[in-house]
Amino acid sequence: MKDFEGIVALCIPIAICVVLPVMVVWITFRAQMNRDNKRTEVLIKAIESNNGIDADKLAEAMSKPRKTASEILNQRLLRGCIFSLVGLALMISSVIMGIGGEDMFDNVPGLFLFTGLASVAVGISYLIVYFVTRGKVAGDMER
């Protein structure tokens, strides 16, 4: 029975760290490939039917819409705010747990503190990129 517990304890981290990321990448790749294949099939059928459909316009209409520079910039600002606020909330809850009598570097408060620090760091990096690129995008939109 003890050997079984050891095997399970070994398999769970392997499944989480190896199998899960591989499956996520595989599913994402297959979904994109399937989407491209369907788009190609529709274009081939339109060209074969030859009903006066302009294949170039149809391909352009079926392509994935591109995000504008301002949309990308707004997404960076939104992500920066979300990551920063979530990180701040995690760090505050860690401090509150520490005030409540738990050891600050115990399991849960320590995890909240380090996760909050990482989240704030990611949020700040998004905000830095937003503020650095904001002037460039505004200049490009004026032209």
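Scroll up to find the structure this text is about.
These lines cover the structure that appears in this document, whether it is placed above or below. All of these numbers come straight from a predicted model, not from anything done at the bench. Within any chain, residue numbers begin from 1 and follow the written order of that chain's sequence. With the structure being a predicted model, the display of local features is reserved for residues of pLDDT at least 70 and the display and counting of side-chain atom pairs for 80 or more, all residues being used for whole-chain, interface and lining totals. In computing side-chain properties, one takes all heavy atoms of the structure into account and sets aside hydrogens as well as water.

1. Let's talk about the packing of aromatic side chains
Thought 1: For this analysis, a ring pair means two rings from Phe, Tyr or Trp (six-membered ring only for Trp) whose centres lie within 6.5 Å, classed as stacked if their planes differ by under 30 degrees, edge-to-face if by over 60, and tilted for the remaining angles. A complete count under the given rule lists 2 aromatic pairs for this structure.
Thought 2: With centroids separated by 5.9 Å and ring planes inclined at 15°, the aromatic side chains of Phe83 and Tyr126 adopt a geometry described as stacked. In this pair, Phe83 is assigned in helix H3 (residues 69-99) and Tyr126 in helix H4 (residues 107-142), connecting sequence segments 43 residues apart.
Thought 3: With a centroid separation of 5.0 Å and 75° between ring planes, the pair formed by Tyr130 and Phe131 is classed as edge-to-face.
Thought 4: The class for Tyr130 is buried, based on a relative accessible area of 10%. In this text, helices come from DSSP runs of H or I with a minimum length of four residues, and strands from runs of E with a minimum of two, each type numbered from the N-terminal end. Burial here depends on accessible area, computed with a 1.4 Å probe over protein chains only, as a share of the maximum for the residue type. Under 20% is buried, over 50% is exposed, and the range in between is partly exposed.

2. Section: the state of the cysteines
Thought 1: Only a pair of cysteine sulfur atoms within 2.5 Å counts as a disulfide in this structure description. With the rule as written, the count across this model stands at 0 disulfides.
Thought 2: Left unpaired, Cys11 is separated from the closest cysteine sulfur, that of Cys17, by 13 Å.

3. Some thoughts on the side chain of Ser84
Thought 1: Take Ser84: it is sitting in helix H3.
Thought 2: Polar contact criterion, stated in full: a pair of N or O atoms within 3.5 Å, where within protein one must be able to donate a hydrogen and the other to accept it, and residues adjacent in sequence count only if both atoms are side-chain atoms. At a separation of 2.8 Å, a polar atom in the side chain of Ser84 contacts the main-chain carbonyl oxygen of Gly80.
Thought 3: Those residues in contact with Ser84, other than ones at most four positions away along the chain, are Ser119, Val120, Gly123, Ile124 and Leu127. Every residue pair with non-hydrogen atoms within 4.5 Å of one another is taken to be in contact.

4. A short note on H3
Thought 1: Take the number of residues in a helix, subtract one, and multiply by 1.5 Å to get its expected span. For H3, with 31 residues, the first-to-last C-alpha span of 45 Å sits near the 45 Å given by 1.5 Å per residue.
Thought 2: When H3 is considered as a whole, its buried residues turn out to be Leu73, Gly80, Ser84, Gly87, Met91 and Ser94.
Thought 3: Among the residues trailing H3, Gly101 stands out with phi positive, at a value near 115°.

5. Side note on the environment of Lys67
Thought 1: Here Lys67 is to be found in the loop between helix H2 (55-62) and H3.
Thought 2: Along the backbone, Lys67 and Leu88 are 21 residues apart, and their C-alpha atoms lie at a distance of 30 Å.
Thought 3: Residues within four places of Lys67 in sequence aside, it is in contact with Ile72 and Gln75.
Thought 4: Within the local environment of Lys67, its side chain forms a polar contact with the side chain of Gln75, the two groups lying 3.4 Å apart.

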